[in-house]
Amino acid sequence: MRPTTYALIAMLTLAGGLGGCVNISAPDKPIQINLNINVTQEVVYRLDNDAKSLIQQNPGIF
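Below is a short write-up of the structure. Here the structure is a predicted model, which is why all the values come from computation and not from measurement. (Residues numbered from 1 in each chain as written. Predicted model: local features only at pLDDT ≥ 70, side-chain atom pairs only at ≥ 80, totals over all residues. Heavy atoms only, no water.)

## Some points on the overall build of the protein
At step 1: The helix and strand inventory of the protein stands at 2 helices and 0 strands.
At step 2: Counting the 62 residues in the protein, one finds 0% classified as buried.
At step 3: Accessible surface, the protein: about 6900 Å² in total, of which carbon and sulfur atoms supply 58%. (Helix = DSSP H or I, 4+ residues; strand = E, 2+ residues; numbered from the N terminus. Buried < 20%, exposed > 50% of the residue type's maximum accessible area, 1.4 Å probe, protein only. Areas by Shrake-Rupley, 256 points an atom, 1.4 Å probe, with all protein chains shown as cover.)

## Some details on a nonpolar patch on the surface
At step 1: On the surface, I31, I33, L35, I37 and V39 cluster together to form a nonpolar patch covering roughly 650 Å² of accessible area.
At step 2: With respect to the helices and strands, the residue I31 is situated in the loop between α1 (3–17) and α2 (49–57). (Patch = residues over 30% accessible without salt bridge, like charges linked within 9 Å, V, L, I, M, F, W, Y side chains within 5 Å. Salt bridge = Lys/Arg side-chain N within 4 Å of Asp/Glu carboxyl O.)

Dropping the structure here:
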């Protein structure tokens, strides 16, 4: 092997030894998610003249 290969292997070995440690732990308190949702729906029916007259002529249809 070439000397640069040895240097690269040495650097990778040192870099692996200097890596940090990661700790993962559960929180002490439960996670709270507040969802304040306000849903407003407005429905508008527009009937054309033919439909209005049909409903007026046949009130028992609905």
